[in-house]
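Chain by chain, the residues run as shown.
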Amino acid sequence: MGLVSPVGGQLDRAWRNVCEGDAQIGLIDCFDAGSYPTRIAGTVRDFNADDYLAPKDQRKSDPFIHYGVAACTDALKDSGLEITAENGHMVGVAMGAGIGGIATIEDNYAKLIAGGVRKVSPFYIPGSIINMASGQVSILNHLTGPNISIVSACATSTHCIGIAGRTISYGDADVMLAGGSEFATTPSAMAGFCAARAMTTRNDDPAAASRPFDRDRDGFVLSNGGGCVVLEELEHAQARGANIYAELIGFGMSGDAFHITTPPADGEGARKCMSSAIRDAGIDPGDVDYLNAHGTSTPAGDVGETVAIRRAFGAAADKLIVSSTKSTTGHLLGAAGVVEAIFSILAIKHQVIPPTINLENQDPACDLDYTANEARDAKVKISMSNSFGFGGTNGSLIFRAYH
C-alpha cells in the first residue's frame with residue numbers, strides 16, 4: 001500500500017496521525033482564497049515530486065498525476081513485487097480521479113486568454129486527462145496488463161479497487177495497482193464547491209472543521225492526495241512469499257437514481273450497496289467488526305448514511321463500530337476511497353479503530369457508535385469501507401484478516 005495525504009506520506013506516520021486525531025487542515029496556501037467563503041483545506045505539505053518523477057515529466061503533468069505516481073511507486077515497493085519482462089503483461093493499473101487535472105486546465109486556459117493558442121502547452125491534454133495517472137504508472141513500470149481509469153466522483157477509487165479485484169478474479173491479471181488521486185484546491189474548483197455550499201465555512205478553527213455526525217457540522221473539508229493498494233491473486237502472492245495485509249472479500253455498487261448531489265432520506269442506494277458487498281463476501285452483517293464510513297460532515301449525507309447502515313445491518317448495527325477518518329484527513333474526493341480502504345486495512349493489522357474526531361455534540365439523527373474522539377482497541381477481523389459520490393454513485397469494499 002502507498003499513500004500521499006494531508007496526514008502524511010508514510011503508512012506508519014499517516015496511521016499514527018489518524019489514530020491520534022492530528023488533523024492537518026489549514027489555510028489554503030496554493031492561491032489567494034481570501035475572498036472565498038471557505039479558505040481552508042487539507043493540502044499535502046511533505047511531498048517532493050523529485051522523488052518520483054524527473055523534472056521534465058513533472059512539467060508535463062498535473063499534480064494529481066504526481067500524487068498517483070507516488071502512491072503507486074510506494075505501494076509497489078511495499079509489495080516487494082519485481083516487475084520483469086516475463087510478468088509485466090499480467091500486472092495492470094486501475095487509478096482514477098474525481099475531477100482530474102483541473103489545475104492544468106486553469107493554467108492553460110489563462111495562457112490561451114492572455115496570449116492566444118500558441119501559448120497553450122502541447123502537454124495540456126495528456127497532462128490533465130484522468131486516465132494519465134494509470135498511463136504514467138503503466139509506462140514508468142512497464143506494466144502491459146489492463147490499464148483503466150474509473151471516474152465516479154467520490155466513489156472513484158473504491159470502484160477502481162473493486163473492479164481491479166474482479167479483473168484478477170476473471171483471470172485478466174495476476175496483480176493490479178488500484179486507487180486514485182486528486183488535486184482540487186484550485187481557484188475554480190474551490191469556487192464551484194463554495195457556490196454549491198457543500199464545504200464548511202469554519203475558517204477560524206480548521207482542525208475542528210470536519211466533524212462528521214456532529215450536530216454542528218456544516219460541510220466537508222476539501223483535501224488533496226492519493227493512494228494505491230496492490231491487489232494480487234492469492235496463490236500468486238503466496239508463491240512469492242508476499243506480505244499479505246488482508247483479503248479483499250466483498251465489493252458492492254449501486255445508484256441512488258435520486259438527485260445529482262443529495263442522497264435519498266431513506267438511504268436506499270447506500271443500503272443496497274452495502275448489502276451487495278456483504279452478499280458478495282458471503283458473510284452475515286454481524287460479521288463486520290468495523291465500518292469506515294463515507295462520513296463527509298455534510299448535514300444530509302451523514303444522516304442518510306446512518307439510516308442506510310441501520311437498514312443494511314439490522315440488529316447488528318447496534319454492535320457495529322463506525323468511524324469517519326475524514327474527520328482528520330478531510331475529503332480527498334476521488335482519492336478518498338483508497339485512503340480510507342488503507343485505514344480500514346490498517347485497523348485489521350493493528351486491531352485499533354481510528355476515531356471520529358470533533359464529535360462533541362452527536363446529532364440525535366446519527367445514532368450509531370462512531371468511536372468519538374479517541375481511538376479504540378478492538379478485535380477487528382472484518383472491516384468495510386464506504387464511498388458515495390455526486391450523481392448518486394455508491395461503492396463498498398470489505399476486507400478480512402488473512403491467516
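All figures in this text were calculated on a predicted structure; none of them were measured in a lab.

Asker: How would you explain the environment of Tyr67 if you had to name every residue and give the values?
Answerer: For Tyr67, the location among the structural elements is in helix 3 (residues 63–79). As a C-alpha pair, Tyr67 and Pro37 span 30 residues in sequence and 27 Å in three-dimensional space. What Tyr67 contacts, discounting residues up to four positions off in sequence, is Val4, Val44, Phe47, Ser181, Glu182, Phe183, Asn224, Gly225 and Gly226.

Asker: So what's going on with the sheet that holds strand 10 (residues 321–323)? Which residues, and what values?
Answerer: Hydrogen bonds between backbone atoms are what pair the strands of a sheet, whose relative direction is either parallel or antiparallel. The 5 strands are arranged 8-14-13-9-10 in an open sheet whose pairing can be described as mixed. Each edge of the sheet is formed by a strand with only one pairing partner; in this case those strands are strand 8 (246–255) and strand 10. Averaged over all pairs of adjacent strands, the angle between strand axes in this sheet comes to 20 degrees, irrespective of strand direction. The sheet contact formed by strand 13 (residues 382–389) and strand 14 (residues 393–401) spans 8 bridges and is antiparallel. Counterpart to Phe388 in the pairing with strand 14 is Asn394. Here helix 6 (residues 156–169) sits on the sheet in contact with strand 8, strand 13 and strand 14, set at roughly 115 degrees to strand 8. Across the sheet, helix 12 (residues 336–350) lies against strand 8, strand 9 (290–292), strand 13 and strand 14, angled at about 165 degrees from strand 13, the strand it touches most.

About the criteria used
Residues numbered from 1 in each chain as written. Predicted model: local features only at pLDDT ≥ 70, side-chain atom pairs only at ≥ 80, totals over all residues. Heavy atoms only, no water. Helix = DSSP H or I, 4+ residues; strand = E, 2+ residues; numbered from the N terminus. Contact = heavy atoms within 4.5 Å. Pairing = 2+ DSSP bridges. Axes fitted to C-alpha atoms, helices over the stretch in contact; angles between N-to-C directions.

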